[in-house]
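The chain contents come next:
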Amino acid sequence: MEAFYKKLLDNNKRWVESKLNLDPEFFKKLSSGQKPPVLWIGCADSRVPANDIIGADPGEVFVHRNIANMVVHSDMNMLSVLDYAVNVLEVKHVIVCGHYGCGGVQTAMTNKHVGLIDNWIRHIKDVYRFHQEELNNIENEKDRFNRFVELNVVEQVLNVAKTSIVQSAWERGQNLHVHGWVYDIHDGLINDLDITLRDNQSLSQVYQLDL
Ligand code: CO
């Protein structure tokens, strides 16, 4: 384990060298500021590294990750990231990316008590309850798990759109798309759920703010 830890810092030095070999100005350019076109909201899972799986360079993706890529509307961390991304960085795309095999989603399908995290998992259980008719009708457990992962992304995309931050941006005419993706840890491919939102018209009326 010590060797692994030490290797991380050695890797860093090699990474710096390789970047400078390709472009001696690499860090100088990055240090002048960021203007990423994308906000990534993903799972904290170590197998889903945001930049790597979409071939993005430093400076291209603003990233927020938590267990099961949740958008909880009272989460100050998420709201601060979203507000900064939309209002200061003016990102064009918000991508909520879940992943098949997500431990958080899987736990939410059970009655397991893990600890403090039970209270975070509850937000995922709410998604199950919203869609329990569809989910309970899927007999194969793996298929039900996969569909639950997808439906969780659908709900989190809606949760992004329901925020006053995103609705205000749309009202101002800001070009902002909210997408839902699911990454497959079994083959590395992304499934675009094709549920992109561009305005608040697809939200249930009770969520639509008069701005
Ligand atoms: Co996960």
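Preceding this paragraph is the structure being described.
A brief structural summary. (Residues numbered from 1 in each chain as written. Predicted model: local features only at pLDDT ≥ 70, side-chain atom pairs only at ≥ 80, totals over all residues. Heavy atoms only, no water.)

## Thoughts on the overall build of the chain
From N to C terminus, the chain includes nine helices and five strands. Seen in sequence order, the chain has helices and strands lined up from the N terminus as α-α-β-α-β-α-β-α-α-α-α-α-β-β. Counting across all 211 residues of the chain, residues that qualify as buried make up 41%. Long-range contacts, defined as pairs at least 24 residues apart, comprise 64% of the intrachain contacts of the chain with a sequence gap of at least 6. In the form shown here, the chain has an accessible surface area of approximately 12400 Å², with 51% of it arising from carbon and sulfur atoms. Side-chain charges of the chain comprise 21 positive and 28 negative groups, with the mean position of each set lying 5 Å from the other. (Helix = DSSP H or I, 4+ residues; strand = E, 2+ residues; numbered from the N terminus. Buried < 20%, exposed > 50% of the residue type's maximum accessible area, 1.4 Å probe, protein only. Contact = heavy atoms within 4.5 Å. Areas by Shrake-Rupley, 256 points an atom, 1.4 Å probe, with all protein chains shown as cover. Lys, Arg positive; Asp, Glu negative; His and termini not counted. Charge placed at Lys NZ, Arg CZ, Asp CG, Glu CD.)

## A look at helix H4 (residues 76-88)
Between its terminal C-alpha atoms H4 stretches 17 Å, which fits the 18 Å expected from 13 residues at 1.5 Å a residue. The distance from a side-chain oxygen at the start of H4 to the backbone nitrogen of Asn77 is 3.0 Å, and the residue carrying that oxygen is Asp75. (Expected span 1.5 Å × (residues − 1). Polar contact = N/O pair within 3.5 Å; in protein donor to acceptor, adjacent residues only side chain to side chain.)

## Here's the deal with a nonpolar patch on the surface
The grouping of Phe4, Tyr5, Leu8 and Leu9 at the surface amounts to a nonpolar patch, some 430 Å² of accessible area in total. For Leu8, the location among the structural elements is in helix H1 (residues 2-22). With relative accessibility at 43%, the residue Leu8 sits in the partly exposed group. (Patch = residues over 30% accessible without salt bridge, like charges linked within 9 Å, V, L, I, M, F, W, Y side chains within 5 Å. Salt bridge = Lys/Arg side-chain N within 4 Å of Asp/Glu carboxyl O.)

## With respect to the layout of surface pockets
In this model, the largest pocket occupies a volume close to 450 Å³. Elements represented by at least two residues in the lining of the largest pocket include exactly helix H6 (118-130) and helix H8 (141-162). Residues that form the lining of the largest pocket fall into these classes: nine nonpolar, seven polar and four charged. (1 Å grid on protein atoms, 1.4 Å probe; cavity = no way out; pocket = protein on both sides within 12 Å on 5 of 7 lines; lining within 4 Å. Points joined across faces, edges and corners; volume = space filled by probe spheres on them. Nonpolar A, V, L, I, M, F, W, Y, C, P; charged D, E, K, R; others polar.)

## Focus: the coordination of the cobalt ion
Protein-derived ligands of the cobalt ion are Cys43 (SG), His99 (NE2) and Cys102 (SG), with the metal-ligand distances lying across 2.0 to 2.3 Å. Positions of the donor residues of the cobalt ion along the chain correspond to the pattern C-x55-H-x2-C. With a gap of 59 residues between them, Cys43 in strand S1 (residues 38-43) and Cys102 in the loop between strand S3 (93-100) and helix H5 (103-108) connect regions that are remote in the sequence. Accessibility expressed as a relative area gives 1% for Cys102, which makes it buried. (Donors = N, O, S within 2.8 Å, 3.2 Å for Na, K, Ca; no water.)

## A few points about the pairing of strand S4 (residues 177-184)
Among the eight residues of S4, eight are classified as buried, and the element is accordingly described as predominantly covered. Taking every second residue as pointing to the same face, both faces of S4 are buried, with His177, His179, Trp181 and Tyr183 on one and Val178, Gly180, Val182 and Asp184 on the other. As defined by bridge partners, S3 adjoins S4 across eight bridges and the pair is classed as parallel. Paired with Val94 across the bridge in S4 is Val178. Summarising the sheet, S4 and strand S5 (residues 190-192) pair through three bridges and their orientation is antiparallel. Within the sheet, the bridge partner assigned to Trp181 lies in S5 and is Asp192. If you look at the hairpin formed by S4 and S5, you'll find five residues sitting between the two strands, and Gly188 has a positive phi there, around 80 degrees. (Pairing = 2+ DSSP bridges.)

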